[in-house]
Amino acid sequence: MKKNHRGEHPASLANLMPAGPGNQRARKHGAYSRYHPPEIIERITPEAPAPDRLEGLIQLEEARLHSLLQEKARWDAKLEYSELVHNDYTLTSIRSDSNSTVATRERPDFEQLIDRSMGRISALVSEKERLAATPAYVAGQVSQLLDKASNEGMTAAETAELFERAGIEATFSVKQRTRAELAYAEPVEPEGGMTDDELEALSAEYAEKAQAESDWLAERREEVQKIHAQKERERVG
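Since the structure is predicted, the reported quantities are computational estimates derived from the model, not experimental observations. (Residues numbered from 1 in each chain as written. Predicted model: local features only at pLDDT ≥ 70, side-chain atom pairs only at ≥ 80, totals over all residues. Heavy atoms only, no water.)

K.L.:
Talk me through the overall build of the protein; I want residue IDs and the actual numbers.
P.N.:
Helix and strand content of the protein: ten helices and two strands. What you see in the protein, going N to C, is helices and strands ordered as α-α-α-α-α-β-β-α-α-α-α-α. With 237 residues in all, the protein has 16% of them scored as buried. Here the analysis covers contacts within the protein between residues at least 6 apart in sequence; of these, 41% occur between residues at least 24 apart. For the protein, the exposed surface amounts to about 18300 Å²; the carbon and sulfur share of it is 54%. (Helix = DSSP H or I, 4+ residues; strand = E, 2+ residues; numbered from the N terminus. Buried < 20%, exposed > 50% of the residue type's maximum accessible area, 1.4 Å probe, protein only. Contact = heavy atoms within 4.5 Å. Areas by Shrake-Rupley, 256 points an atom, 1.4 Å probe, with all protein chains shown as cover.)

K.L.:
Give me the pattern of salt bridges: which residues, what numbers.
P.N.:
Here the structure, examined in full by the defined rule, presents 15 salt bridges. Between lysine 128 and glutamate 55 there is a salt bridge; the shortest N-O distance is 2.3 Å. Taken together, the residues span a long stretch of sequence, with lysine 128 in helix H6 (residues 110-132) and glutamate 55 in helix H5 (residues 50-80) at a distance of 73 residues. Look at lysine 128 and you get partly exposed, because its relative accessible area is 35%. Where arginine 220 meets glutamate 223, a salt bridge forms, and the shortest distance between an N and an O atom there is 2.7 Å. Here arginine 220 pairs with glutamate 223, and both are found in helix H10 (residues 196-236), just three residues apart, close to one helical turn. On the basis of relative accessible area, arginine 220 is assigned to the partly exposed category, the value being 25%. The structure contains a network of salt bridges with shared partners spanning Glu61, Arg64 and Arg120. (Salt bridge = Lys/Arg side-chain N within 4 Å of Asp/Glu carboxyl O.)

K.L.:
Any chance you could break down the nonpolar core for me, citing the residues and the numbers?
P.N.:
Counting residues in hydrophobic clusters, the biggest one holds eight residues: Val142, Leu145, Ala149, Leu162, Phe163, Ile168, Ala170 and Val174. Counting residues per element, the ones that place at least two in this core are helix H7 (135-151) and helix H8 (156-166). No other element matches H7, which puts three residues into this core. Among all residues touching valine 174, those that are not within four sequence positions of it are Leu146, Ala156, Thr159, Ala160 and Phe163. (Core = buried A, V, L, I, M, F, W, Y, C linked by side-chain atoms within 4.5 Å.)

K.L.:
Help me get a handle on the packing of aromatic side chains, residues and values and all.
P.N.:
The geometry of an aromatic ring pair is captured by the separation of the ring centres together with the interplanar angle, meaning the angle of the planes. Scanning the model with the defined rule gives two aromatic pairs in all. Residues tryptophan 75 and phenylalanine 110 carry aromatic rings whose centres are separated by 6.3 Å and whose planes lie at 65 degrees to one another, so their mutual orientation is edge-to-face. A residue pair is termed long-range when its members are at least 10 positions apart, and tryptophan 75 in helix H5 and phenylalanine 110 in helix H6 qualify at 35 residues. There is no split in this pair, since tryptophan 75 and phenylalanine 110 are both buried. Through successive ring pairs, a cluster of aromatic residues spans Trp75, Tyr89 and Phe110. Lying across the ring of tryptophan 75, arginine 107 places its NZ or CZ 5.3 Å from the centre. (Phe/Tyr/Trp six-rings, centres within 6.5 Å; stacked < 30°, edge-to-face > 60°. Lys NZ or Arg CZ within 6 Å of the ring centre and 35° of its normal.)

Structure, rendered in C-alpha cells:
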C-alpha cells in the first residue's frame, strides 16, 4: 500500500485527526487550493497591503461560501438518491482500544458553516469600508491617482474623471485646473453640423427671402388700394 512522505498510511489516525493550530496544510493542499485562485491566496499574505489583504479575504470567503453551497447541494442530492457513503459524513470522534478503532461520523452542519461564512463576509466588508474612510488611506489613494494621472499625461478633466471613478473627491487643485481647462476649451462641433461659412450663406439666403416676401406684400397692398379706389370712383360716378 502506498504511503505518504512521512511513511504513514493515508487512513492512519494522524491523517484522520484535525490539524493543530497554525497548520497550513489546508491552505496549501486542501479546500483553499482546490477552490480558490492562487492570485487570491497570494493577496492575503501578511506582507500584502491592508486594503488588498481585506479585499482578498472577502473574495476568499465568498469563494468559500460558494463552495459550501455547492457541497450542500451535492450532499442533499446524494441523500435524495440514497448515494451517501461514510466519507460524506463528518468525522467527529475516534475511539480506540486494544481490539478495534471506532470512528463516529455525523452529517456536516452546513447551515452553521454558511452562517459563519456570511458573518465573516459582513465583518470584512465593514472593516474595509471603515479603512477606506480613514484619512491615511484616502491620502494614499489620492497620491496613487495623482501619480497615475501624471505618468499617463492626463488632462485635468481626465484626472477629475479618474477620481470620480475611484469614488474619491477630487483635490482642490484638480478642480481648479479642470475649471480653467473647460473655460478655454473650444466647443466640439457635432457630427453632421454646419461650418461657419455654411451658416453665413444660409443666413444671407434667409434674409434675401425675407426681403422678397416684404416686397411682395407691399405690391399686394398697393394693388388692393388701387382696386378699392377704382370701386369707390365707380360708386360715386
